[in-house]
Amino acid sequence: MSACVIVGVVPGQPDTVVQQAAMFAARFNAELVCASVDAGQYQVYDLGYGTMTSLPFTADSPERAEERFDPDLAARLAALLDGRGLTWSTRALVGNPAQALGDLADTLNAAMIVVGTREATLRASLQEFINGSVAVQLAHRQHRPVVVIPLAPVPSDQALPWDPA
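Residues numbered from 1 in each chain as written. Predicted model: local features only at pLDDT ≥ 70, side-chain atom pairs only at ≥ 80, totals over all residues. Heavy atoms only, no water.

> When you look at unusual backbone geometry in this model, what are you seeing that I'm missing?
Of all residues except glycine, most have a negative phi; of all peptide bonds, most are trans. Even without a glycine there, the phi angle at Asn29 is positive, about 50°. You can see Asn29 is positioned in the loop between helix H1 (16-27) and strand E2 (31-38). A relative accessible area of 56% places Asn29 in the exposed class. Phi at Asn109 takes a positive value of approximately 50°, unusual for a residue other than glycine. Note that Asn109 resides in the loop between helix H3 (97-108) and strand E7 (112-116). (Helix = DSSP H or I, 4+ residues; strand = E, 2+ residues; numbered from the N terminus. Buried < 20%, exposed > 50% of the residue type's maximum accessible area, 1.4 Å probe, protein only.)

Encoded structure:
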């Protein structure tokens, strides 16, 4: 199995993102690679195949650390994915989420990248406006498909959070 589907995962994310990504991976007979990105760290050394050492952006903790995948998130993924007849793995990444997911996709020659939307709240919309949408950044910088799983779509008869009232 050489093909892979990458899914961006975060703690507390609705299960539907991983479940939909797992369906794509199964359809493509591909490995599902669940990637979590710590935006509070930056990469120091790439140790190969999704493993790296990193440093925090703050000077409070200057020691280098090898990135480890969140064990609670890994347990949640195992509960969702084990028993599906699917090969899956995890990767802990650091830095800008869109850049990190894109770089991993390049390294693994991924068939696609799957991400979820943010909830449609004013706070999330403001954060997305300031930091940029991971999905939009990926869509503009990738040569591979980027699939966006809607998590809390706003009905068509309601204003979007960033639209004027």
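More follows now that the structure is in view.
> Would you explain the pattern of salt bridges in this entry?
Should their charged atoms come close, side chains of opposite charge can pair. Overall, the coordinates contain 2 salt bridges when judged by the stated rule. When the shortest N-O distance is used, the salt bridge between Asp15 and Arg76 registers 2.2 Å. Of the two residues, Asp15 is situated in the loop between strand E1 (4-8) and H1 and Arg76 in helix H2 (residues 71-81); the sequence distance between them amounts to 61 residues. When its relative accessible area of 23% is taken as the criterion, Asp15 is described as partly exposed. By relative accessible area, which is 39% here, Arg76 ends up partly exposed. Arg144 serves as the salt-bridge partner of Asp106, at 3.0 Å between the closest nitrogen and oxygen. Pair noted here: Asp106 is in helix H3 and Arg144 is in the loop between helix H5 (134-141) and strand E8 (146-149), with a separation of 38 residues, a long-range link. (Salt bridge = Lys/Arg side-chain N within 4 Å of Asp/Glu carboxyl O.)

> Please explain the packing of H1 against H2 as it appears in this structure.
In a packed pair of helices, the relevant descriptors are the angle between the two axes and the axis-to-axis distance. Taken N-terminus to C-terminus, the directions of H1 and H2 make an angle of 50°; their axes are 10 Å apart at the nearest point. Considering their axes alone, H1 and H2 lie oblique with respect to each other. At the point where H1 passes H2, the crossing takes the right-handed sense. Across from Val18, Gln19 and Ala22 in H1, the residues of H2 making contact are Leu77, Leu80 and Leu81. For the contact of H1 with H2, the residue count by class is 5 nonpolar, 1 polar and no charged. (Axes fitted to C-alpha atoms, helices over the stretch in contact; angles between N-to-C directions. Parallel < 35°, antiparallel > 145°, perpendicular 65-115°, else oblique. Left-handed = near helix turned anticlockwise from the far one by under 90°. Contact = heavy atoms within 4.5 Å. Nonpolar A, V, L, I, M, F, W, Y, C, P; charged D, E, K, R; others polar.)

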